[in-house]
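Tertiary structure, described
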Amino acid sequence: MTTATPTVGVGAQATEPVTRAGRVRKRLNSRTATLVSIVIAVLWTIPTFGLFISSLRPENEIKTTGWWTFFSNPQVTLENYQEVLFSTGSSGQLASYFINSLAITIPSVLFPLAFASLAAYALAWMNFKGRDWVYIGIFALQIVPLQMALVPLLRFFSTGVTVAGVQILPAWDLVDEQKFAQVWFAHTCFALPFAVFLLHNFISQLPGDLMEAARVDGATHPKIFRTIVLPLITPALAAFGIFQFLWVWNDLLVALIFAGGGNETAPLTVRLAELAGTRGNEWQRLTAGAFVSIVVPLIVFLSLQRFFVRGLLAGSVKG
Amino acid sequence: MEFDFAAEQPKFLMLMYGLIAFVAVVGGLLLLLDVVPSWFARRREAQLVAASVGGGVALPRRRKQREGAFAFFFLLPTLLLLAIGLVVPAIRTTLLSFMDSSSTNWVGLQNYEWMFSEDSIVRVLINTLIWVILVPLVATGFGLIYAVLVDKARFEAVAKSLIFLPMAISFVGASIIWRFVYAYRGEGDQIGLLNQIVVSLGGEPKQWLLESPLNTFLLIVIMVWIQAGFAMVVLSAAIKAIPADIVEAARLDGVSPWQMFWQITMPSIRPALVVVVVTLSIATLKVFDIVRTATNGNYDTNVIATEMYNQAFRYQENGQGSALAVFLFVLVIPIVIYQIRNLRKQREG
Amino acid sequence: MAFARSRQALAIAGVLGLALGVTACGTGNDKKSSKAGSAECAAYEKYQGHDGKKVSIYSSIRDIEADRLNQSWKEFEDCTGIDIDHEGNAEFEAQLPVRVDGGNAPDLAFIPQPGLLKRFVDSGKLKPVGADTKAMAEQNYSPDWLKYSTVNGQLYGAPLGSNVKSFVWYSPKTFKEKGWTVPTTWDDMIKLSDQIAASGTKPWCAGIESGDATGWPATDWIEDVLLRTAGPEVYDQWTTHQIPFNDPKVVDAVNRAGSILKNEKYVNGGFGGVKSIATTAFQEGGTPITTGKCALHRQASFYANQWPQGTKVAEDGDVFAFYFPAIDPAKGKPVLGGGEFVGAFNDRPEVQAVQTYLASGEYANSRAKIGDWVSANKKLDLNNVPNPVDKLSVGILQDEKTVFRFDGSDLMPAAVGAGTFWKGMVAWINGKDTNSVLNGIEGSWK
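Since the model is a prediction, treat every value here as computed from it, not as a measurement.

**Concerning the overall build of chain A**
The secondary structure content of chain A amounts to 13 helices and two strands. Relative to its full complement of 319 residues, chain A shows a buried share of 50%. If you take every contact in chain A between residues at least 6 apart in sequence, the share linking residues at least 24 apart comes to 75%.

Given below as structure tokens:
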């Protein structure tokens, strides 16, 4: 897989800045640029940082003084995290919701990835009538607000499809953890337009002679897709994977409708919203809860960041 | 603090079923397309050999037909899911927009007339326009500048991660963070950073989110804060992809940094810019959580998606909510047309 | 290559599956054992015969309150074998219609808005109550209450919990220290306000920020005042749109409320000026009372749960509430309140059994004992209500002289009651004048 990459020039750019010109340029401007970019980065992080400091302060302090007073009067408590992580009630423990979030997110990322890359390949490299219109149609579907899709989709699950009194598809009739399947289905539907748009952008930029050569050798489309396209767009897949992961992980609405709010199926976001909101403005729980929910997306982002940068790079390599 | 793992097992089992289904569907599809056509191909080849005369004309046409069949199967899962999940709802929404609040009687264009005659809704439309112009512009502009800056900086990875960090936070979470920034206390210490800065500079604290039209811009700041990271990462990648020899050649010609930016960098990253602007524009049109969490559309800050949700779900005004959704479809048409032109150009070039 | 990888994934999945499958065998679901025969279950005899059935309930009640709910019907579940599955959600009002329209309705829902209840009746989704439930509801609740869940002569649900909104919170401790007395007439209350204002403290505090429901505490203010200035008949005409929303009588009431809420001398103690009411969370609206920065806060009985930890809520404690005084005592003792109704989307026998049980005196007492709960159920025994404010509320609800009216914004169409009315009040606090606010709301009511 990796050996194929440099030959087509995609993904090889990671080595680019190490040219001599690049180094010279770097040394000349690096000081001011470094300074300015670090200042901006720090400014950018201040709001999040403030929230983080707040999450470590006692309830009363959060409500009466600004987080910056922490530095003159440091009072640290882990109580907020304790409360968020380990408080138990009939609604169960956070860990249970954590597992739900994972069980919801993983398939909800994989399915659109696979389906969209297949579709994007077909739209970019296969000749058939009306393919541009299909592509534009899928692209335009990005604008459909998912809120408007909730009721019809829910009806699809709970009553099936009936045309003129004839039941064509039965109701799904799922209980408890089986409802995850509904959430996967919904998230996959909602993700596809953007996924096809993004991946089509990459796949259509792949060098045409490569495909042609493979065709001449008698390779079928599934074979080209598997052996040539997939390895080349791995970075793009990782890029979309991160976006989709962030979106699904942070989603509240879709999960609430299709999985319900119980601890058998509801994701972390449902639990955190509950912790923060039931008894008024519990800022202390809110701040800690926000950080608990950020941790996983952050780990995913940081570990895939490499892919991510290279991924988006590939699509724009050719003008 | 004991945790009952046994109770969680069904979930893992379900997850596993999901993964098995994934492998079965995707793998099965590829396998099917690989095996079946090659079997057909072998048979057809045999036929062609048998009737070797006149085959030259028939072959290309058949191949194109077969390609259509292939494409159909490649597209099948996507089209099926989109039809169920988005096309049907879009059609339904459009129909509902011509019906009354309980979706039983046809009312013609009444909901659209309401949309353009109600003062508060006109305000919503104007605000959405401000959002959709400013957010892509500012976020992309910032992302671009930062990408250029950071390209020459040390600690590049760290700096980029910090800018990207807000992307990992949900919209609701981000709005809560910024409510802390904009918070106001009439008496005692300020707990909002912005007011603290104003006070320490000798000014009077303000209730930022109450002041129209300033508040709309303050909410836009939140969106820019979240999305600039996306723009930055994409554009930074694009900048790094500019072949070094082009840059080197320009440098030898004595091109100034300014000219370099406009003549070399900009044309090279144009496709990436288009992706960023299009994505941000659509995301902005659909922005919903930020306004809902920060002001719930009060103080003249409402936007279409928030109002649509309120009308359709909170006020049970299905017709009016749907009409707003349809208006969103209309707003995206310019972007779609631009995309069509782009595609044409690409095919020609 | 990709093929090799997927084969590997399949292998991993298989191993995982095996491991999980083996261990899963050990955990069978214990079947709920019904102890129907025992003595403590005698009271539940009439609900028997549904062993092993499941009833789902959807409401806006969450967290600790939800735990209390589960606790309150625990015995019923044990004795009848009916499994009650309750789910609470903050977005209840928006999500319930989605579920119902999506064909995924719960068996029962605790609906706090008669307006929403009517919508489900109109669309044919809500089932009328069965004969048992009807008998039980009529026995335990006054017609005043039942009329809110009656549509076209049919009863669609029995009331459950309720709350009294006509309360002003104050600090008995501070009042004692300063020598202030609890006012019993409107004029006394204004005199007291002036007296406190003269002493350098802003007497009133308020907060109407409440996420996507921002504005509702202000609508309660208006309704409470209108009930006092114009009387219950006008109030009823107003909530049913027989008189326009911007009727001169309503304008008067709003202006009178404004003489407190928009009076810079009176508000907003502990928070700043008038406009700070709009951005102060309703949960925090009254907290300055505990620090002496504010003296009076008009808010419902459920505000008892919002005080900082360690605040003693009692007649001789840190905080307590007095009845929001009438303007003209001759017009009786108007009380504004709210509550939820148990509506059924299913008429299976076990669903009706639960619905009937929830309307019973047994349930009301069982729930009240756990605490923080008020109901207009006539069978509710005051001795079972531990919390002093709740005792006061139940006393008011059961008082013969009380003229009870339901929260008007819950009776109006949602687009007005949960939409333009809330938003209008926010704009009103933020400086917009009374007439243009009311005209705007009237314009939105179709």
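**Thoughts on the overall build of chain C**
Within chain C, the regular secondary structure consists of 20 helices and 11 strands. Whereas a compact globule of 446 residues would reach a radius of gyration of roughly 22 Å, chain C reaches 25 Å, a difference of no more than 12%. Each of the three principal axes of chain C carries a C-alpha extent, and together these read 80 × 65 × 50 Å. Counting only residues that meet the buried cut, chain C has 51% of its 446 residues in that class. Within chain C, contacts between residues at least 6 apart in sequence are counted, and of these 74% link residues at least 24 apart.

**Some words on the domain arrangement of chain C**
Residues and elements named next belong to chain C. Each assigned domain of chain C is listed with its residue range as follows: domain 1 (56–164 + 337–402) and domain 2 (176–336 + 406–444). Of the residues lining the interface, 21 residues belong to domain 1; the matching set on domain 2 comes to 23 residues. Taken together, the elements giving at least two residues each to the side of domain 1 that touches domain 2 come down to α5 (114–122), β6 (157–164), β10 (333–344) and α17 (388–398). Element by element, the count of residues in the side of domain 1 that touches domain 2 is highest for α17, at six residues. Looking at the side of domain 1 that touches domain 2 residue by residue, the classes come out as 10 nonpolar, eight polar and three charged.

**Quick look at the interface of chain A and chain B**
Contacts between the two partners involve 101 residues from chain A, matched on the other side by 95 residues from chain B. At the level of secondary structure, the elements contributing two or more residues to the side of chain A that touches chain B comprise α2 (20–55), α5 (94–125), α6 (131–140), α7 (146–159), α8 (180–203), α10 (221–250) and α13 (283–315) of chain A. For the side of chain A that touches chain B, the element with the most residues is α2 of chain A, which contributes 19 residues.

**Concerning unusual backbone geometry**
Residue P213 of chain B is reached from S212 of chain B by a cis peptide bond, and omega for that bond is 0°. With respect to the element layout, P213 of chain B can be found in the loop between α7 (193–200) and α8 (214–240). Going from V267 of chain C to N268 of chain C, the amide bond is cis rather than trans, its omega being 10°. Residue position: N268 of chain C is located in the loop between α12 (248–261) and α13 (276–279). If you check the backbone angles, N152 of chain C has positive phi at about 50° while not being a glycine. Relative to the helices and strands, N152 of chain C resides in the loop between β4 (150–151) and β5 (154–155).

**Description of helix α10 (residues 257–285) of chain B**
Structural remark: α-helix, 3.6 residues per turn; residues separated by three or four positions point the same way. Over its 29 residues, α10 of chain B extends only 35 Å from the first C-alpha to the last, a length that falls short of the 42 Å expected when each residue adds 1.5 Å. Remark: the principal bend of α10 of chain B, roughly 60°, maps to R270 of chain B, with a proline, P271 of chain B, within the next four residues.

**Section: the sheet that holds strand β9 (residues 320–323) of chain C**
All names here are of chain C. Strand order in the open sheet made by the three strands is β8-β7-β9, with antiparallel pairing throughout. Strand pairing shows two members of the sheet lacking a second neighbour, β8 (297–298) and β9, which therefore form its edges. When strand β7 (residues 167–170) meets β9, the two strands line up antiparallel, connected through four bridges. In the sheet register, V168 faces β9, and the bridge partner there is F322.

**Topic: the confidence of the model for chain C**
Residue and element names in this part refer to chain C. For chain C, the mean per-residue pLDDT works out to 86, and 92% of the residues sit at or above 70. The low-confidence segment residues 1–33, where pLDDT is below 50, has 27 contacts with residues more than four positions distant or belonging to other chains. Per the prediction output, this complex has pTM 0.84; the corresponding ipTM is 0.85.

**A closer look at helix α19 (residues 414–429) of chain C**
Residue and element names in this part refer to chain C. When the terminal C-alpha atoms of α19 are compared, their 21 Å separation across 16 residues agrees well with the 22 Å that a helix rising 1.5 Å per residue should span. Of all the bends in α19, the greatest measures close to 30° and is centred on T420. Along α19, 16 of the 16 residues are buried, which leaves the element largely enclosed by surrounding structure. Looking one or two places after α19, you find G431, whose phi comes out positive at around 115°.

**Some thoughts on the pairing of strand β2 (residues 166–169) of chain A**
Residues and elements named next belong to chain A. Two strands pair when backbone bridges link them, and strand β1 (residues 161–163) and β2 are joined in this way by three bridges, in the antiparallel orientation. Of the residues in β2, the one forming a bridge with V163 is V166. Hairpin remark: β1 followed by β2, antiparallel, with two residues in the connecting loop; positive phi at A164, about 50°.

**Concerning the confidence of the model for chain A**
Residue and element names in this part refer to chain A. Counting all residues, the mean pLDDT for chain A is 78, and 81% of those residues have values of 70 or more. Put simply, helix α1 (residues 4–8) is where chain A has its lowest mean pLDDT, 34, and α8 is where it has its highest, 91. Under a pLDDT of 50 for its full length, residues 1–18 has, in the predicted model, 25 contacts with residues more than four places off or in other chains. Predicted confidence is poor over residues 311–319, with pLDDT under 50, and the contacts of this stretch with residues over four places away or in other chains come to 37 contacts.

**Quick word on the packing of α8 of chain A against α10 of chain A**
All names here are of chain A. As a packed pair, α8 and α10 sit with axes 10 Å apart at the nearest point and diverge in direction by 145°. Taken as a pair, α8 and α10 cross one another with a handedness that is right-handed. Counting all contacts with α8, which are made through H187, A191, A195, L198, L199, F202 and I203, the residues of α10 involved are V229, I233, A236, F240, Q244 and V248. Broken down by class, the residue content of the contact of α8 with α10 amounts to 11 nonpolar, two polar and no charged.

**Things to note about the environment of F288 of chain B**
Residue and element names in this part refer to chain B. Relative to the helices and strands, F288 is located in the loop between α10 and α11 (289–294). Distance in space between the C-alpha atoms of F288 and L109 is 25 Å, their sequence separation being 179 residues. Setting aside residues no more than four positions away along its own chain, F288 makes contact with A305, T306 and Y309.

**Remarks on the environment of S236 of chain B**
Residue and element names in this part refer to chain B. Mapped onto the elements, S236 comes out in helix α8. Look at S236 and you get buried, because 26 C-beta atoms sit within 10 Å. Beyond its immediate stretch of four places on either side in the chain, S236 contacts A147, V150, D151 and K160.

Analysis parameters
Residues numbered from 1 in each chain as written. Chains lettered and ligands numbered in written order. Predicted model: local features only at pLDDT ≥ 70, side-chain atom pairs only at ≥ 80, totals over all residues. Helix = DSSP H or I, 4+ residues; strand = E, 2+ residues; numbered from the N terminus. Buried ≥ 20, exposed ≤ 12 C-beta atoms within 10 Å, placed from the backbone. Contact = placed C-beta atoms within 7 Å. Rg over C-alpha atoms; globule rule 2.2 N^0.38 Å. Domains from an automatic or database assignment. Nonpolar A, V, L, I, M, F, W, Y, C, P; charged D, E, K, R; others polar. Expected span 1.5 Å × (residues − 1). Bend = angle between axes of the 7 residues up to and from the residue. Pairing = 2+ DSSP bridges. pLDDT = per-residue confidence, 0-100. Axes fitted to C-alpha atoms, helices over the stretch in contact; angles between N-to-C directions. Left-handed = near helix turned anticlockwise from the far one by under 90°.

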